[in-house]
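Descriptive structure summary
This is what each chain is made of:
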Amino acid sequence: MEIGVIGAGGGGAAATYVVDNTTEAEVTVFEKSRGVCGRAAARRRDGRVYEYGANYLKGDDERVNELVTEEFNEGLAEVEGDIWTFDAEGNVSEGRGDDERRWTYEDGITRLAKHLFGATDATVRRETRIEDVSYDDGWWLTDAEGREHGSFEALVVNPPAPQTAELLTGTGVEKVDRLGDSASDVPYRTVWTAVLGYGFEIDVPYYALINTDDRHEIGWVGREECKPGHVPDGESVLVVQASPDWSAERYDAPPEENVAELAEKTARLIGDERLAEPDWTDHQGWRYALADDGVAAGAVGDAADEGVYVTGDWVAGEARLHAAVRHGLETGERVAYGLTT
Ligand SMILES: Cc1cc2nc3c(=O)[nH]c(=O)nc-3n(C[C@H](O)[C@H](O)[C@H](O)COP(=O)(O)OP(=O)(O)OC[C@H]3O[C@@H](n4cnc5c(N)ncnc54)[C@H](O)[C@@H]3O)c2cc1C
């Protein structure tokens, strides 16, 4: 029995982990990028590690918490320090009033998906973008090079809703096409991220700053040095996420201009003019960063009757990594159950 998984994000990895460990099925994962873990993304640069998508895994889902602290705790790191807030005028206030735990890994948050896949015999085909899904006595996938993969008894589909919509409309299987239509209705916020590196330590009493009135051009500034193993002593790395409005407006602007503007705004916000001139920078635009709503549950269940299961934060109804992983685990269980009944 063959199962195909499109997308190696937190949701796809968790579903693979469950299906592979609870059934006899052969699981093949197709991931368009070079790396795994999707929007929970990390890069390395000269001995530094930084996360330019999800900042951390929140510790507020019991099941996922247990999974990372008990099963996949090798290299697990707790983010140190508090999150402070700021308003439209850039006034910083102490504390956000939550005491939840925040997890990442010393070598980057992508370790979570690497752990999950590492505990399976699944085949993970990286740099394989699926462009078409069709049905002919089983599910078939066509990749960007025109190669066909299949047939699969069931599919787990993990890309963000707009990309899932492209794949699932036009399969000719009514319930699946209807899910594709529902997925196309899920609204997303765009986030443009600048990464700013400095050869000195920044002396502030918080891990991160978050804008709470959604009226500042910066939404978030996090300090990677608060994550054990990420930044060598004597250096700092700031991850700056622009607000959704600014990000959408500047999405196609020259990246170096965006980075320079965000560095200046960050310097003003933190109150240290040295921060306007980083020693090195990186950036990433996330067009589909955060789903603002979930998908219609009925459409999800109907497509599952045809062997097509969607998973991810937009199906869970919460744009958070722990929600995607939790949903992936549960989807894996549904697939396993579907194979045995
Ligand atoms: C800037 C930013 C900051 C965030 N901050 C946080 C945070 O601090 N804490 C938190 O909990 N969450 C945060 N999130 C949200 C978090 O990243 C997501 O909720 C979570 O990673 C979603 O996982 P997923 O499995 O649903 O999807 P994804 O991670 O999007 O995985 C989908 C995968 O499918 C692949 N794919 C897409 N199309 C195809 C195709 N056609 N063929 C093959 N593969 C394909 C993609 O490459 C990707 O690997 C943030 C997100 C962003 C963008």
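Every chain's residues receive numbers from 1 upward, in the order its sequence appears when written. Owing to the predicted nature of the model, reporting of local features is limited to residues with pLDDT of at least 70; listing and counting of side-chain atom pairs is limited to 80 or more, with chain, interface and lining totals taken over all residues. Side-chain descriptors were evaluated using all non-hydrogen atoms of the structure, hydrogens and water having been removed beforehand.

A separate point is the overall build of the protein chain. Only DSSP runs of H or I covering at least 4 residues are called helices, and only runs of E covering at least 2 are called strands; the numbering of each starts at the N terminus. Along the protein chain, the regular secondary structure elements total 10 helices and 20 strands. The rule is simple: take the accessible area with a 1.4 Å probe, protein chains only, and divide by the maximum for that residue type; under 20% is buried, over 50% is exposed, in between is partly exposed. Across the 341 residues in the protein chain, those meeting the buried criterion constitute 55%. In the protein chain, the share of contacts with a sequence separation of at least 24, taken over all contacts with a separation of at least 6, comes to 72%. Residue-level accessible areas treat just the shown protein chains as cover; the underlying method is Shrake-Rupley with a 1.4 Å probe. Element-wise, carbon and sulfur atoms account for 38% of the exposed surface of the protein chain, whose accessible area totals about 15,100 Å². Measuring between centres, the 32 positive side-chain charges of the protein chain sit 3 Å from its 70 negative side-chain charges. In what follows, residue pairs with any heavy atoms lying within 4.5 Å of each other are defined as contacts. Working convention for charge: Lys and Arg count positive, Asp and Glu count negative, and His plus the chain ends are omitted. Charge positions are represented by NZ for Lys, CZ for Arg, CG for Asp and CD for Glu.

This part takes up the domain arrangement of the protein chain. Throughout, the edges of the domains are those of an automatic or database domain assignment. In terms of domains, the protein chain is made up of domain 1 (2–40 + 112–185 + 293–340) and domain 2 (54–108 + 188–291). Relative placement of domain 1 and domain 2: their C-alpha centres are 29 Å apart. With 24 residues of domain 1 in contact, the opposing surface of domain 2 contributes 19 residues. A 1.4 Å probe defines the accessible area here, and the buried area is the portion of it lost by two parts on being joined, summed over both. For the pair domain 1 and domain 2, the summed buried area comes to about 2,100 Å², and 65% of that belongs to carbon and sulfur atoms. Ranking the residues of domain 1 by area buried against domain 2 places Arg39, His115 and His322 at the top, with a combined share of 32%. Salt bridge, as applied in this entry: a Lys or Arg side-chain nitrogen positioned within 4 Å of an Asp or Glu carboxyl oxygen. On the surface where domain 1 and domain 2 come into contact, there are two salt bridges.

Attention now moves to the sheet that holds strand S9 (residues 102–105). Here, strands pair whenever DSSP counts at least two bridges between them. With antiparallel pairing, the three strands of this open sheet are ordered in space as S5-S9-S6. One side of each edge strand has no neighbouring strand; the edge strands of this open sheet are strand S5 (57–58) and strand S6 (76–78). Alignment of S5 against S9, held across two bridges, turns out to be antiparallel. Looking across to S9, one finds that Leu57 is bridged to Trp103.

This part is about the pairing of strand S16 (residues 208–211). Where a strand is regular, its side chains alternate between the two sheet faces. Side chains Ala208 and Ile210 of S16 all project onto a buried face; the interleaved residues Leu209 and Asn211 project onto the opposite face, where all are buried too. Here S16 runs beside strand S17 (residues 218–223); their pairing, made up of three bridges, is antiparallel. Bridge pairing in S17 links Ala208 to Gly222.

As for its placement among the helices and strands, Ala77 is situated in strand S6. Not counting the four nearest positions on each side in its chain, Ala77 is found in contact with Arg102, Trp103, Thr104, Tyr105, Glu106 and Pro228.

Turning our attention to the packing of aromatic side chains. Here a pair means two rings of Phe, Tyr or Trp (six-membered ring of Trp) with centres within 6.5 Å. Their orientation is stacked below 30 degrees between planes, edge-to-face above 60, and tilted elsewhere. Taken as a whole and assessed by the stated rule, the structure comprises 11 aromatic pairs. Arranged with centres 5.7 Å apart and planes meeting at 75°, the rings of Tyr188 and Tyr288 form a pair that is edge-to-face. With Tyr188 in strand S15 (residues 188–198) and Tyr288 in strand S19 (residues 280–291), the pair connects residues that are 100 residues apart, well separated along the chain. Using a relative accessible area of 30% as the deciding quantity, one classes Tyr288 as partly exposed.

Right, let's talk about the site of the ligand for a bit. Here a residue is near a molecule or strand as soon as one of its heavy atoms is found within 4 Å of it. Among the 36 residues in the neighbourhood of the ligand, the closest are listed as Gly11, Glu31, Arg39, Asp313 and Leu321. In the environment of the ligand, an oxygen atom lies 3.3 Å from a nitrogen or oxygen atom belonging to the side chain of Ser33. Its free accessible area being 1,000 Å², the ligand has 96% of it covered by the protein chains. Elements with a contribution of two residues or more to the shell around the ligand: helix H1 (10–22), S19 and helix H10 (321–340). When residue character is reported, Ala, Val, Leu, Ile, Met, Phe, Trp, Tyr, Cys and Pro are called nonpolar, Asp, Glu, Lys and Arg charged, and the others, Gly included, polar. The residue makeup of the shell around the ligand, split by class, is 17 nonpolar, 13 polar and six charged. Taken together, domain 1 (2–40 + 112–185 + 293–340) and domain 2 (54–108 + 188–291) each give at least three residues to the shell around the ligand, which thus spans both. Here a polar contact is recorded for every N or O atom pair within 3.5 Å, except that within protein the pair must consist of a potential hydrogen donor and a potential acceptor, and residues adjacent in sequence are included only if both atoms are side-chain atoms.

Glancing now at the pattern of salt bridges. Here the idea is simple: oppositely charged side chains can pair when their charged atoms come close. Tallying each qualifying case throughout the model produces 23 salt bridges. As a salt-bridge pair, Asp61 and Arg326 come within 3.2 Å of each other at their nearest N and O atoms. Of this pair, Asp61 sits in the loop between S5 and helix H2 (62–71) while Arg326 sits in helix H10, and the two are 265 residues apart along the sequence. By relative accessible area, Arg326 is classed as partly exposed at 27%.

Another point: the side chain of His230. Looking at the secondary structure, you find His230 in the loop between S17 and strand S18 (236–242). A distance of 2.9 Å separates the side chain of His230 from the backbone oxygen of Tyr105, its partner in a polar contact. Setting aside residues no more than four positions away along its own chain, His230 makes contact with Gly47, Arg48, Val49, Tyr50, Glu51, Thr104, Tyr105, Glu106, Gly108 and Glu224.

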